[in-house]
Amino acid sequence: MKEPMILDGQEVSKSIKEQLALQVETLKEKGVTPCLATILVGEDPASATYVRMKGNACRRLGIESKKIELPIDTTTEQLLKTIRELNEDKAIHGILLQHPVPEQIDERAAFDEIAIEKDVDGVTTLGFAQNAFGFANYPSCTPAAIMAILDHYDLPIEGKHAVVVGRSPILGKPVSQMLLNRNATVTTCHSRTSNLSEHVKQADIVVAAVGKPEFIQGDWIKAGAVVLDAGYNKGNIGDCEYNGCAERASAITPVPGGVGPVTISMLLKHTVESAERSAQ
Ligand code: NAP
């Protein structure tokens, strides 16, 4: 069996960041420093790590990051007030509210309070709808990363049958819409799908967005399919059983080092683009 092409997220991310570094430099010459505000509510250690990683990635590229930490007993109204203040702050170009928030908070209301021009993580209802229509400025970052990987490696999308496993509002649904907008024929599967493996076996492009370690099995993969594993489970394990899937795939993302690094680059890209729009 031929070895699959490894879709290297670090390489894709590097080329995105090289371009972004030039854009940041140009903005700074105009006196504008892109700035991402991150909001962390509570003390979930995984969320704290994600926020820290995003902040560090910003700093490495010369993007400012403003970290807002709120206590675990924050109310919806208090969070909405914080978001409104950030919306009005002209020095802030992007707002990221780390998911999940404590359960007493209405997360949807909080996401939807983010001004569309600062919704660099693509979480608002309006941003989701714009993505479905195919004209979002800032689509959700992981779906955008998946599309960027396909494009970086010039993998054809039009006319292909894409099977997405997962239908979350930040990942499965928006990536299904993006693939559809690029003229793939899309099947979106979920926990109530019957005969899941039979659907995956039809796929030219498989997107795994399940949140279950090694869930997609090697013998579900059609020979020559392209496999994009967005899963990121405890122990750096993806949603695909890597070795089995790699035996049949023509191209595959590793975990770690696949979709993850490109997702962070998309967040940086959207923040820089928002700063550019504000400077116009
Ligand atoms: P989520 O909100 O938990 O959604 C999981 C989806 O998988 C749901 O739509 C669920 O179906 C479906 N599912 C669950 N069990 C299934 C089963 N047995 N058969 C078929 N479908 C099933 O998760 P998410 O936020 O989309 O994240 C998915 C994965 O991506 C996780 O591993 C997460 O860590 C990872 N992720 C990675 C990045 C990154 O930057 N790389 C970013 C975000 C997420 P129902 O809708 O029917 O419940």
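## Some details on the pattern of salt bridges
Okay, so step 1: Taken as a whole and judged by the stated rule, the model has ten salt bridges.
Okay, so step 2: Here Lys-14 and Glu-18 are joined by a salt bridge, their closest N and O atoms 3.5 Å apart. Placement of both Lys-14 and Glu-18 in helix H1 (residues 9-29) is noted, with a separation of four residues, approximately one turn of the helix.
Okay, so step 3: The class for Lys-14 is exposed, based on a relative accessible area of 54%.
Okay, so step 4: A residue is classified by how much of its surface remains accessible, and Glu-18, at 45% relative accessible area, is partly exposed.
Okay, so step 5: A salt bridge links Asp-204 to Lys-222, with the shortest nitrogen-to-oxygen separation between them at 2.7 Å.

## Points about the pairing of strand E7 (residues 205-208)
Okay, so step 1: Burial of the side chains of E7 extends over both faces: Ile-205 and Val-207 are buried on one face and Val-206 and Ala-208 on the other.
Okay, so step 2: For strand E5 (residues 161-165) and E7, the ladder comprises four bridges, and the chain directions are parallel. Looking at E7, one finds that Ala-162 is bridged to Ile-205.
Okay, so step 3: The pairing of E7 with strand E8 (residues 226-229) spans four bridges and is classified as parallel. Of the residues in E8, the one forming a bridge with Val-206 is Val-227.

## Focus on the site of the ligand
Okay, so step 1: The immediate surroundings of the ligand are formed by 22 residues, with Arg-167, Ser-168, Ser-191, Ala-230 and Tyr-232 found nearest.
Okay, so step 2: The separation between an oxygen atom of the ligand and a polar main-chain atom of Val-210 is 3.4 Å.
Okay, so step 3: Tyr-232 has a polar backbone atom sitting 3.0 Å from an oxygen atom of the ligand.
Okay, so step 4: When isolated, the ligand has an accessible area of 920 Å², and the protein chains bury 70% of it.
Okay, so step 5: Taken together, the residues of the shell around the ligand break down into nine nonpolar, ten polar and three charged.

Reading the values: rules and limits
Residues numbered from 1 in each chain as written. Predicted model: local features only at pLDDT ≥ 70, side-chain atom pairs only at ≥ 80, totals over all residues. Heavy atoms only, no water. Salt bridge = Lys/Arg side-chain N within 4 Å of Asp/Glu carboxyl O. Helix = DSSP H or I, 4+ residues; strand = E, 2+ residues; numbered from the N terminus. Buried < 20%, exposed > 50% of the residue type's maximum accessible area, 1.4 Å probe, protein only. Pairing = 2+ DSSP bridges. Near = heavy atom within 4 Å. Polar contact = N/O pair within 3.5 Å; in protein donor to acceptor, adjacent residues only side chain to side chain. Areas by Shrake-Rupley, 256 points an atom, 1.4 Å probe, with all protein chains shown as cover. Nonpolar A, V, L, I, M, F, W, Y, C, P; charged D, E, K, R; others polar.

The values reported here are purely geometric and, on their own, carry no functional implication.
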